[in-house]
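Report on the structure
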Amino acid sequence: MPLFIKVLFASLFLFSCGEATDEAKTRAKIFLNGTIYTGDDANPVVEAVVVEGNRIVFVGAEQEALKTAPDGAVVDLGGAYMYPGFTDAHTHLRAVGNREQTLNLEGTSSLAELVEKIKTRIESASPGEVITGRGWIETHWPEGRFPTAADLDAISPANPVILIRADGHAAVVNTSMMNAAGLTATTEVPFGGDVVLDEAGNPNGILIDAAMSLVAEIAFSDPSQQEIINMYQVGGAVYNAYGWTGVHSMSVPLADVQLIEGLARDGHLTLRVYNSLNGGNPEVLGFFSNRIQTPQNGLITTRAIKLYIDGSLGSRGAILLEPYSDDETTGLQQMKKELVMPILIEALKAGIQINTHAIGDGGNRLLLDWYEEAFAAVPADQRAIAEPRWRDEHAQILNLADIPRFAELGVIPSMQPSHAIGDLHFAPERLGLERLSGAYAWRLLIDAGAIIAGGTDAPVERGDPRVEFYAAVARKDLSGFSGQGWHPELAVSREEALKMFTIWPAYAAFMEDDLGTIEAGKLADFTVFSGDIMTIPEAEILEVEVVMTVVDGKIIYRRD
Ligand SMILES: [Zn+2]
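Residues numbered from 1 in each chain as written. Predicted model: local features only at pLDDT ≥ 70, side-chain atom pairs only at ≥ 80, totals over all residues. Heavy atoms only, no water.

Points about the coordination of the zinc ion
- Those protein atoms acting as donors to the zinc ion are His90 (NE2), His92 (NE2) and Asp457 (OD), and they sit at 2.1 to 2.2 Å.
- Within one chain, the residues donating to the zinc ion are spaced in sequence as H-x1-H-x364-D. Pair noted here: histidine 90 is in strand 8 (residues 86-91) and aspartate 457 is in the loop between strand 22 (453-454) and helix 18 (465-474), with a separation of 367 residues, a long-range link. Comparing histidine 90 with aspartate 457, the two get one shared label, buried. (Donors = N, O, S within 2.8 Å, 3.2 Å for Na, K, Ca; no water. Helix = DSSP H or I, 4+ residues; strand = E, 2+ residues; numbered from the N terminus. Buried < 20%, exposed > 50% of the residue type's maximum accessible area, 1.4 Å probe, protein only.)

Quick look at the structure:
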């Protein structure tokens, strides 16, 4: 919006609202004394922003802002840098909270250290207590292999242990856990899973994808409602402190929606949450038949379903068109087409957004094929929304021939830059150099006309916007390393990275009219960093601090 229209808009507020306006003025906030990046190409950097209630009413020069709201409260940015509110377009908010409450194995640097951590934890455990940990990843370890039951049995003969890999697609359990769950060499392995066997033909403790369900009853006791509420509250607080103003929360259990809405209503969840419901629950479609017309409830919107087409690259569950370079497998399909198609058709008719997890080039091709088939089966005039904005969650490894199909079909790749800088240590082994040309291919997708909704996939990754922004523009790991064939040219510009975490997630949630840029009329969600991530040297992006987080016009986090 051009500046003069913004001023006009603000003036209308000033002169046309009478007494009510005077009251509103006392509540107005004037953000100034910083550098404000609006994300609006017509007006990219401004001096001041005025907020009334939860909306932006003015964007422009400081002098004008002070005139617009003469009684407004000045929020001094202290020379800091303000951006449109950062939104994590793919996270698991409940699991982020849960990670804070269970044994967090993130950052474990060797198998020996992992064993040591579990040993310490066992010392304070009660007899028979189940030990749950999450976040290990073996790709950096000197031992260079997955942990097995044998590693855990010596230190935990009596307490069942389950340790989930950082990506959530594999776990290691000890013999105590296998015994408690009745898992043996003859147990039938569920579709989409794998029970890894030792040389003698017995389960060695490694469970891949759907096979984790074999120990679920013992390993994952259902948390109480209060425990679930605590997870969301803790997850929300962690996220606010990272500077996030919004999240797209993936694989949300249907029953959680009410809990999240209650938390937000009571002011205990100060994050804009876009829920994507766990599509494994057959009641999910029924939920939407009552709700799709009025999805908005304060900060919480629920209008998407999350499905899974394959597993992860790390645990070789991602579906590849050709076998893995370091194994004979081509991955594990998680859903059967005959079960998925009716959901897709129904979703198009009802206006439900579909978010499907796809990692391998084969998984991504299947996704595009199935979406294309559904779009053809339900033409635009038979849909609740002509432009369904369906998403490909991860879109990680793509065959080059499939890249133009995203823009052609209107499918949004939802990608997590940190995966690229974590995976660069093992993806070349799994894929070979040739397939890397379509891996984490942000640059090619944008050039082919797609937008990218940027996310973190926390707790698979840390869930830190600075890490994601850095990864997107640097395409190097946190120490500045990038291996052979890692295609530095597939990085994005700072402007594109900003879009990946602001306006593009807004679009991917049908909220671009209200969110994603700092423009008069939009909702007041801002992220304020101590440094200028648009210009500082790459490595320094990781060091900026979160100065302030503003959601819905309220300052909900402020650095001391
Ligand atoms: Zn995920």
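A look at the environment of glutamate 113
- Structurally, the position occupied by glutamate 113 is in helix 5 (residues 111-123).
- Each C-alpha atom, one on glutamate 113 and one on tryptophan 141, is 9.7 Å from the other, the two residues being 28 residues apart in sequence.
- Residue contacts for glutamate 113: discarding those within four places in its chain leaves Gly107 and Thr108. (Contact = heavy atoms within 4.5 Å.)

As for the sheet that holds strand 24 (residues 546-551)
- Here we have 6 strands laid out as an open sheet, ordered 3-2-7-23-24-25, and mixed in their pairing. The sheet is open, and its two edges are formed by strand 3 (45-46) and strand 25 (554-558), each paired on a single side.
- Relative to strand 24, strand 23 (residues 526-529) runs antiparallel, the two sharing 4 bridges. Looking across to strand 24, one finds that valine 528 is bridged to methionine 548. (Pairing = 2+ DSSP bridges.)

Let's talk about the pattern of salt bridges
- Enumeration according to the criterion identifies 30 salt bridges in this entry.
- Between arginine 316 and aspartate 326 there is a salt bridge, and its shortest N-O distance comes to 3.2 Å. Here aspartate 326 lies in the loop between strand 18 (300-308) and helix 12 (337-350) and arginine 316 lies in the loop between strand 18 and helix 12, a separation of 10 residues in the sequence.
- Taking relative accessible area as the criterion, arginine 316 reaches 26% and is therefore assigned partly exposed.
- Among the charged side chains, a network of salt bridges with common partners joins Arg365, Asp369, Glu372, Asp402 and Arg405. (Salt bridge = Lys/Arg side-chain N within 4 Å of Asp/Glu carboxyl O.)

A closer look at the sheet that holds strand 14 (residues 203-209)
- Strand order in the open sheet formed by 6 strands is 9-10-11-12-14-13, with mixed pairing between adjacent strands. For this open sheet the edge positions go to strand 9 (103-104) and strand 13 (193-197), each flanked by a neighbour on one side alone.
- Note that strand 11 (residues 161-165) and strand 12 (residues 170-173) share 3 bridges and pair antiparallel. Looking at strand 12, one finds that isoleucine 162 is bridged to valine 173.
- Along the sheet, helix 5 contacts strand 9, strand 10 (131-136) and strand 11; its crossing angle with strand 11, the most-contacted strand, is approximately 140 degrees. (Axes fitted to C-alpha atoms, helices over the stretch in contact; angles between N-to-C directions.)

Digging into the packing of helix 9 (residues 225-242) against helix 10 (residues 256-265)
- Close contact between helix 9 and helix 10 brings their axes to 10 Å; oriented N to C, the two are set at 55 degrees. With respect to helix 10, the axis of helix 9 lies oblique. In terms of crossing hand, the pair formed by helix 9 and helix 10 is right-handed. Of helix 10, the residues touching helix 9 (which contributes Gln225, Ile228, Ile229, Tyr232 and Gln233) are Asp256, Leu259, Ile260 and Leu263.
- A breakdown of the residues in the contact of helix 9 with helix 10 according to their chemical character gives 6 nonpolar, 2 polar and 1 charged. (Parallel < 35°, antiparallel > 145°, perpendicular 65-115°, else oblique. Left-handed = near helix turned anticlockwise from the far one by under 90°. Nonpolar A, V, L, I, M, F, W, Y, C, P; charged D, E, K, R; others polar.)

Focus on the packing of aromatic side chains
- On inspection of all chains with the given rule, the structure shows 17 aromatic pairs.
- Geometrically, the ring pair formed by tyrosine 83 and phenylalanine 86 is edge-to-face, given 6.3 Å between the ring centres and 85 degrees between the ring planes. For the pair tyrosine 83 and phenylalanine 86, one class covers both residues: buried.
- Consider the rings of tryptophan 136 and tryptophan 141, whose centres lie 5.9 Å apart with planes at 35 degrees: the pair is tilted.
- One aromatic cluster is present, formed by Tyr37, Tyr83, Phe86, Tyr239, Trp244, Phe469, Phe501 and Phe529 through successive ring pairs.
- The ring of phenylalanine 510 is capped by arginine 303, whose NZ or CZ atom sits 3.9 Å from the centre of that ring.
- Here the basic side chain of arginine 389 rests over the ring of tyrosine 507, its NZ or CZ set 3.7 Å away from the ring centre. (Phe/Tyr/Trp six-rings, centres within 6.5 Å; stacked < 30°, edge-to-face > 60°. Lys NZ or Arg CZ within 6 Å of the ring centre and 35° of its normal.)

Looking at the side chain of threonine 91
- Mapped onto the elements, threonine 91 comes out in strand 8.
- Here the side chain of threonine 91 touches alanine 458 through a polar contact of 3.4 Å, landing on its backbone oxygen.
- Excluding residues within four positions of it along the chain, threonine 91 makes contact with Val96, Tyr239, Val247, His248, Ser249, Met250, Thr456, Asp457 and Ala458. (Polar contact = N/O pair within 3.5 Å; in protein donor to acceptor, adjacent residues only side chain to side chain.)

Topic: the environment of glutamate 143
- Residue placement: glutamate 143 occurs in the loop between strand 10 and helix 6 (149-153).
- Owing to a relative accessible area of 33%, glutamate 143 belongs among the partly exposed residues under this scheme.
- Put simply, glutamate 143 and arginine 265 are 122 residues apart on the chain and 49 Å apart in space, counted from C-alpha to C-alpha.
- In contact with glutamate 143, other than residues within four places in its own chain, are Ser110, Leu111 and Ala112.

Examining the pairing of strand 8
- Most of strand 8 sits inside the fold, with 6 of its 6 residues counted as buried.
- By the bridge criterion, 4 bridges tie strand 8 to strand 15 (residues 244-252) in an arrangement that is parallel. Bridge pairing in strand 15 places threonine 87 opposite glycine 246.

Thoughts on the packing of helix 4 (residues 93-101) against helix 9
- Running from amino to carboxyl end, helix 4 crosses helix 9 at an angle of 95 degrees, the nearest separation of the two axes being 7 Å. The angle between helix 4 and helix 9 places the two elements in the roughly perpendicular class. Mapping the contact onto sequence places Leu93, Arg94, Val96, Gly97, Asn98, Glu100 and Gln101 in helix 4 and Ile228, Asn230, Met231, Tyr232, Val234, Gly235, Gly236, Val238 and Tyr239 in helix 9.
- Its residues assigned to classes, the contact of helix 4 with helix 9 shows 8 nonpolar, 6 polar and 2 charged.

With respect to the domain arrangement of the protein
- Under the domain assignment used here, the protein contains domain 1 (131-219) and domain 2 (309-492).
- A C-alpha centroid distance of 27 Å is found between domain 1 and domain 2.
- Listed per partner, the contact involves 15 residues of domain 1 and 17 residues of domain 2.
- Roughly 1200 Å² is buried in total at the junction of domain 1 and domain 2, and carbon and sulfur atoms are behind 64% of that figure.
- For the domain 1 face of the interface with domain 2, the top three residues by lost area are Thr139, His169 and Phe191, together amounting to 35%.
- Our count for the contact surface shared by domain 1 and domain 2 stands at 0 salt bridges. (Domains from an automatic or database assignment. Buried area = accessible area lost by both parts, 1.4 Å probe.)

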